[in-house]
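A look at the structure
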Amino acid sequence: MAELSATAGKRKCSQDMQVDEKLVPKKGLNLCSTRYGVAFIIHICNFIATAQQNVMSITMVAMVNSTDHRFLFNGSTEGLPGDSFRGLNDTPDSLPAGAPVYNWSPQIQGIIFGSASYGMLLTLTLSGYLAGRVGTKRVVGVSLFASSILNIFTPLAAEFGLVPLIATRTLQSLAQGSVFGGQFALWEKWGPPHERSRLCSIGISGMILGIFTIILLGGIICQTLGWPFAFYILGAMGCVYSLLWFVLLYDDPVSHPWINVTEKEYILSSLAHQIQVSPCKQPLPIKAMLRSLPLWSMFVCSFSHQWLIVTVIVYTPTYISFLFNINVRDNGFLSALPFIIAWVTGILGGHLADFLLTKNFRLITVRKAATFLGNFPPSVLLAVLPFLTPSYITTMTLLTLSCGLGPICQSGVSINALDVAPRHSSFLMGTTRAFAYTAGILAPSVNGFLLTQDPEFGWRNVFLLLLAINLSGLIFYLVFGDADVQDWAKERKLTRL
């Protein structure tokens with residue numbers, strides 16, 4: 001009876017956590033604290049890793065043979081950024097003469113783009129599991145260094161041929177999957193429950209900043225220095241930062257040598273109800289996880305949201321060029337604008353979510369509201385776009401709103417695993433992202449097929465399909481999503497009381 005009473009009390013504490021957080025002293029919310037420094041370190045890590053992952057989207061413009069007219073505009077509507085910028089054909093000398101070019105068809109380019117996601121499916125889940133056992137510092141630090149080295153060797157691999165290039169990109173995706181999947185184990189020990197939305201949103205927003213920067217500056221680098229230098233610069237940045245990572249980051253407040261004692265006690269006391277039993281000693285309840293509808297709702301919704309993200313990232317430059325036929329530099333400026341707005345809203349969305357929790361909003365209400373705002377309005381705005389008369393103002397307004405609202409989901413389904421199973425959250429966050437990244441492989445292929453089969457209405461079909469997929473995943477999550485700690489996440493704790 002004592003065990004059941006204690007368990008019931010902890011369940012109620014988990015369900016009504018947002019009410020109790022009002023009792024937290026204000027000094028625990030210091031933005032200059034060590035835990036926010038950890039979030040900033042992850043922010044820069046994600047910035048570099050995401051820029052490395054997406055650099056090919058902009059360098060492909062300079063890498064393909066712009067004098068080969070077999071793959072002109074109708075072929076470019078396969079949704080591949082490289083082929084969309086054929087407006088550069090009238091200025092062939094705008095790119096450095098020493099940079100090599102290749103005669104890759106849109107289909108080959110699609111394979112190259114997809115190779116950036118192949119390895120992630122294997123390492124996202126595994127890295128989340130390993131990070132929960134050996135620590136995020138080792139898993140992410142080694143993976144970022146490996147990804148950076150492979151990024152430097154990408155131009156050389158392209159010189160040796162298509163197969164070495166795809167193999168290099170696939171190996172790099174293995175490392176990048178470990179970077180993205182292994183980082184969430186930190187918040188099991190660093191993130192007070194009522195601050196997790198903002199801490200995670202600060203870290204994840206580095207991905208958006210990386211996309212914005214490489215789209216904005218990638219074209220300039222290609223035009224001034226040559227496309228290989230885009231890989232060299234990002235690879236060098238990653239190598240240097242991976243060394244700083246090992247110096248600056250610590251896996252928990254207890255081992256951090258510079259943290260304030262008051263902050264350390266504050267973090268440990270706020271997590272006391274969920275760190276009494278070390279997760280390293282608990283087996284994963286795989287069967288119970290497979291039967292959990294809240295988990296499946298996270299997987300399905302994450303997949304549908306990633307379909308939206310991939311479409312926006314890869315196809316924004318393509319769609320702008322399709323409508324306005326502008327050069328790569330101007331296209332980069334226009335394409336980058338929505339992402340800087342998304343970076344701001346992603347961070348503000350996390351702060352708003354935590355603010356609502358202090359105002360007695362239920363945790364599940366906040367998670368579902370953030371997920372709804374990050375999925376429904378963006379997909380509807382994109383679906384409407386092909387039916388409107390194209391203009392700079394209309395197109396850029398809708399693209400900016402769609403891209404800007406998407407990151408609000410970072411405070412919703414993207415971090416829901418920290419709520420339903422905090423002891424296994426690193427494994428589940430990695431698994432969720434692995435499930436989502438299948439959209440990174442499927443979306444370019446499916447959308448490219450639609451654009452090739454129907455050049456006249458291809459964009460309409462792409463955006464309507466996006467709306468259908470996004471709504472399906474969103475509805476499934478709104479019906480079955482949960483934010484309470486699941487029973488299977490407590491079973492091991494009950495046997496040890």
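Residues numbered from 1 in each chain as written. Predicted model: local features only at pLDDT ≥ 70, side-chain atom pairs only at ≥ 80, totals over all residues. Heavy atoms only, no water.

Under an unreviewed UniProt entry, the protein chain has the name Sodium-dependent phosphate transport protein 4 and belongs to Ursus maritimus. The protein chain has a UniProt comment under Sequence similarities (unreviewed entry) that states "Belongs to the major facilitator superfamily. Sodium/anion cotransporter family." Taken from UniProt, the Catalytic activity (unreviewed entry) comment for the protein chain reads in full: "3 Na(+)(out) + phosphate(out) = 3 Na(+)(in) + phosphate(in)". (UniProt positions renumbered as here; feature names shortened; annotations may be inferred.)

**What to know about the side chain of H43**
Turning to its location among the elements, H43 is positioned in helix α3 (residues 34–63). Given the relative accessible area of 5%, H43 is considered buried. What H43 contacts, discounting residues up to four positions off in sequence, is I202, G203, S205, G206, L209 and W343. (Helix = DSSP H or I, 4+ residues; strand = E, 2+ residues; numbered from the N terminus. Buried < 20%, exposed > 50% of the residue type's maximum accessible area, 1.4 Å probe, protein only. Contact = heavy atoms within 4.5 Å.)

**Some thoughts on the nonpolar core**
Counting residues in each nonpolar core, the largest one holds 111 residues, and the members touching the most others are W187, W227 and F339. By residue number, the principal contributor to this core is α3, which donates 16 residues. Here this core spans two domains, and each of domain 1 (34–68 + 102–273) and domain 2 (288–490) adds at least three residues to it. Ignoring anything within four residues of it in the chain, the contact list for W187 reads R35, V38, A39, I42, R196, L199, C200 and L418. Counting residues in each nonpolar core, the second largest holds six residues, with A353, L357, V366 and A483 among its members. (Core = buried A, V, L, I, M, F, W, Y, C linked by side-chain atoms within 4.5 Å. Domains from an automatic or database assignment.)

**Concerning the packing of helix α16 (residues 293–324) against helix α19 (residues 392–405)**
Running from N to C, α16 and α19 cross one another at 175°; their axes reach a closest spacing of 12 Å. Relative to α19, the element α16 lies roughly antiparallel. Mapping the contact onto sequence places V312, T316, Y319, I320, L323 and F324 in α16 and Y392, T395, M396, L399 and C403 in α19. Residues of the contact of α16 with α19, tallied by class, amount to nine nonpolar, two polar and no charged. (Axes fitted to C-alpha atoms, helices over the stretch in contact; angles between N-to-C directions. Parallel < 35°, antiparallel > 145°, perpendicular 65-115°, else oblique. Nonpolar A, V, L, I, M, F, W, Y, C, P; charged D, E, K, R; others polar.)

**Here's the deal with a nonpolar patch on the surface**
On the surface, a nonpolar cluster with roughly 710 Å² of combined accessible area is contributed by I286, L290, L293, W296, F435, I475, V479 and F480. Elements represented by at least two residues in the nonpolar patch include exactly α15 (286–290), α16 and α22 (458–480). Considering each element in turn, the nonpolar patch owes the most residues, three residues, to α22. As for its placement among the helices and strands, V479 is situated in helix α22. (Patch = residues over 30% accessible without salt bridge, like charges linked within 9 Å, V, L, I, M, F, W, Y side chains within 5 Å. Areas by Shrake-Rupley, 256 points an atom, 1.4 Å probe, with all protein chains shown as cover. Salt bridge = Lys/Arg side-chain N within 4 Å of Asp/Glu carboxyl O.)

**What about the packing of α3 against helix α10 (residues 162–182)?**
Running from N to C, α3 and α10 cross one another at 155°; their axes reach a closest spacing of 11 Å. Taken together, the axis directions place α3 and α10 in an arrangement best described as roughly antiparallel. At the point where α3 passes α10, the crossing takes the left-handed sense. Within the contact between the two elements, α3 uses C45, N46, A49, T50, Q52, Q53 and M56 and α10 uses L165, R169, Q172, Q176, V179 and F180. Within the contact of α3 with α10, the residues separate by chemical class into six nonpolar, six polar and one charged. (Left-handed = near helix turned anticlockwise from the far one by under 90°.)

**What to know about unusual backbone geometry**
One non-glycine residue, N360, lies in positive phi territory at about 70°. Relative to the helices and strands, N360 resides in the loop between α17 (328–357) and α18 (363–384).

**Side note on the packing of aromatic side chains**
Per the counting criterion, the structure on display carries 16 aromatic pairs. Between Y250 and W258, the aromatic rings sit 6.0 Å apart at their centres with planes inclined by 90°, giving edge-to-face as the arrangement. Its relative accessible area of 18% is what places Y250 among the buried residues. Looking at W258, the relative accessible area reads 56%, which means it is exposed. Measuring from centroid to centroid gives 6.0 Å for F303 and W307, while their planes differ by 55°, and the two rings are tilted. Of this pair, F303 and W307 both sit in helix α16, separated by four residues, roughly a single helical turn. (Phe/Tyr/Trp six-rings, centres within 6.5 Å; stacked < 30°, edge-to-face > 60°.)

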